[in-house]
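Close look at the chain arrangement
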Amino acid sequence: MPQEAPTPSARRTELLEAAYQYALAHGLADLSLRPLAEAIGSSPRVLLFLFKSKDGLLRALLARARADELALLDQAGPPNGPTGLAPAVEQIWTWLAAKEHRPLLRLWAEAYTRSLTQPDGAWAGFARATVEDWLGVLAGFQPPSERDSDDSATRRTLALAVLRGALLDLLATNDDKRLTEAVMYQFALLREGNERG
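Right, let's walk through the structure included here. (Residues numbered from 1 in each chain as written. Predicted model: local features only at pLDDT ≥ 70, side-chain atom pairs only at ≥ 80, totals over all residues. Heavy atoms only, no water.)

Ranked by internal contacts, the top residues of the largest apolar core, which has 58 residues, are Leu28, Ile92, Trp93 and Leu96. The element that contributes the greatest number of residues to this core is helix H5 (residues 85-97), accounting for nine residues. Among residues more than four places away in sequence, those in contact with Trp93 are Leu163, Ala166, Leu167, Leu170, Leu179, Thr180, Val183 and Met184. (Core = buried A, V, L, I, M, F, W, Y, C linked by side-chain atoms within 4.5 Å. Buried < 20%, exposed > 50% of the residue type's maximum accessible area, 1.4 Å probe, protein only. Helix = DSSP H or I, 4+ residues; strand = E, 2+ residues; numbered from the N terminus. Contact = heavy atoms within 4.5 Å.)

Written out as structure tokens, the structure reads:
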């Protein structure tokens, strides 16, 4: 019988949340245990005890960011069941473009890039996992007839590429108007394709 993972202590949970808020504000690139511990009212020794290593803390922070991202994307989902890929692009873009989500999305972009350039250690698998997460979210928007069509994976991949590309551009430029117009143009093409298909 497999053993269940031990429930995290209240102190570990509290420090993880504080470290996550710190990472949202400061990023992960130059994360050092001493300044982090000081900022969240702990010590490097306690963090190492609770998370086993700096990589263990980074993995916990990345898991926390993914959980937050998926929970927020779930809220952006269709309230009355699948509505189709075209409306998904519009709804998800509205969520992505909201200024209050920028800290989380900057953290995601940093972790995604680090996962590509440092594929081992704490970052291992993060980029691939988030691609799968987002493709799953997009599939959840599609009714079965659309989700099971021959080109459904291709269409989800295209939608994801547009959303991710526009997101990276938005994080770099803050040009909401230009990017929203581009995403809405793609949204119209997706809707047109649905009507033809």
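Look at helix H1 (residues 10-26) against helix H2 (residues 33-40): their axes get within 10 Å of each other, and the N-to-C directions meet at 110 degrees. Classified by the angle their axes make, H1 and H2 are roughly perpendicular. H2 is crossed by H1, and the crossing has right-handed handedness. Mapping the contact onto sequence places Leu15, Ala18, Ala19 and Tyr22 in H1 and Pro35, Leu36, Ala39 and Ile40 in H2. Of the residues contributing to the contact of H1 with H2, the split by class is eight nonpolar, no polar and no charged. (Axes fitted to C-alpha atoms, helices over the stretch in contact; angles between N-to-C directions. Parallel < 35°, antiparallel > 145°, perpendicular 65-115°, else oblique. Left-handed = near helix turned anticlockwise from the far one by under 90°. Nonpolar A, V, L, I, M, F, W, Y, C, P; charged D, E, K, R; others polar.)

Here the focus is the packing of aromatic side chains. All chains considered together, the criterion is met by two aromatic pairs. Arranged with centres 5.0 Å apart and planes meeting at 40 degrees, the rings of Trp108 and Tyr112 form a pair that is tilted. Of this pair, Trp108 and Tyr112 are both found in helix H6 (residues 102-117), four residues apart, which corresponds to roughly one turn of the helix. The buried category is assigned to Trp108, whose relative accessible area is 3%. When the ring of Trp108 is compared with that of Trp134, the centres are 6.5 Å apart and the planes differ by 35 degrees; the resulting orientation is tilted. Taken together, the positions of Trp108 in helix H6 and Trp134 in helix H7 (residues 126-141) put the pair 26 residues apart, joining distant regions of the chain. Look at Trp134 and you get buried, because its relative accessible area is 2%. The structure contains a cluster of three or more aromatic residues connected by ring pairs, namely Trp108, Tyr112 and Trp134. The ring of Phe49 is capped by Lys52, whose NZ or CZ atom sits 5.7 Å from the centre of that ring. Above the ring of Trp134, the side-chain terminus of Arg164 is found at 4.8 Å from the ring centroid. (Phe/Tyr/Trp six-rings, centres within 6.5 Å; stacked < 30°, edge-to-face > 60°. Lys NZ or Arg CZ within 6 Å of the ring centre and 35° of its normal.)

Let us now look at helix H3 (residues 44-51). Listing the buried residues of H3 in full gives Leu47, Leu50 and Phe51. One face of H3 carries all of its buried residues, which in axial projection span an arc of 80 degrees. Exposed and oriented more than 90 degrees from the buried face of H3 are Arg45 and Phe49. A positive phi of about 75 degrees marks Lys52, the residue just after H3. (Arc of directions from axis to C-beta.)

With that out of the way, let us pick up the pattern of salt bridges. One pass over the full model with this rule turns up 10 salt bridges. Asp176 is the partner of Arg102 in a salt bridge, and the nearest nitrogen-oxygen pair spans 3.0 Å. Here Arg102, found in helix H6, pairs with Asp176, found in helix H10 (residues 176-196); they are 74 residues apart in sequence, far enough to count as distant. Within the structure, one salt-bridge network assembled from shared partners comprises Glu17, Arg64 and Asp68. (Salt bridge = Lys/Arg side-chain N within 4 Å of Asp/Glu carboxyl O.)

Another point: unusual backbone geometry. Here the phi dihedral of Lys52 falls at roughly 75 degrees; this positive angle occurs in a residue that is not glycine. Checked against the element boundaries, Lys52 lands in the loop between H3 and helix H4 (54-76). Assessed through its relative accessible area of 69%, Lys52 is described here as exposed. Although it is not a glycine, Asn174 sits at a positive phi angle of roughly 60 degrees. On the secondary structure map, Asn174 appears in the loop between helix H9 (152-173) and H10. Among the residues examined, Asn174 registers a relative accessible area of 41% and is labelled partly exposed.

Right, let's get into the environment of Glu100. Tracing the backbone through its elements, the reader meets Glu100 in the loop between H5 and H6. Residues Glu100 and Arg64, spaced 36 residues apart in sequence, show a C-alpha to C-alpha distance of 17 Å.

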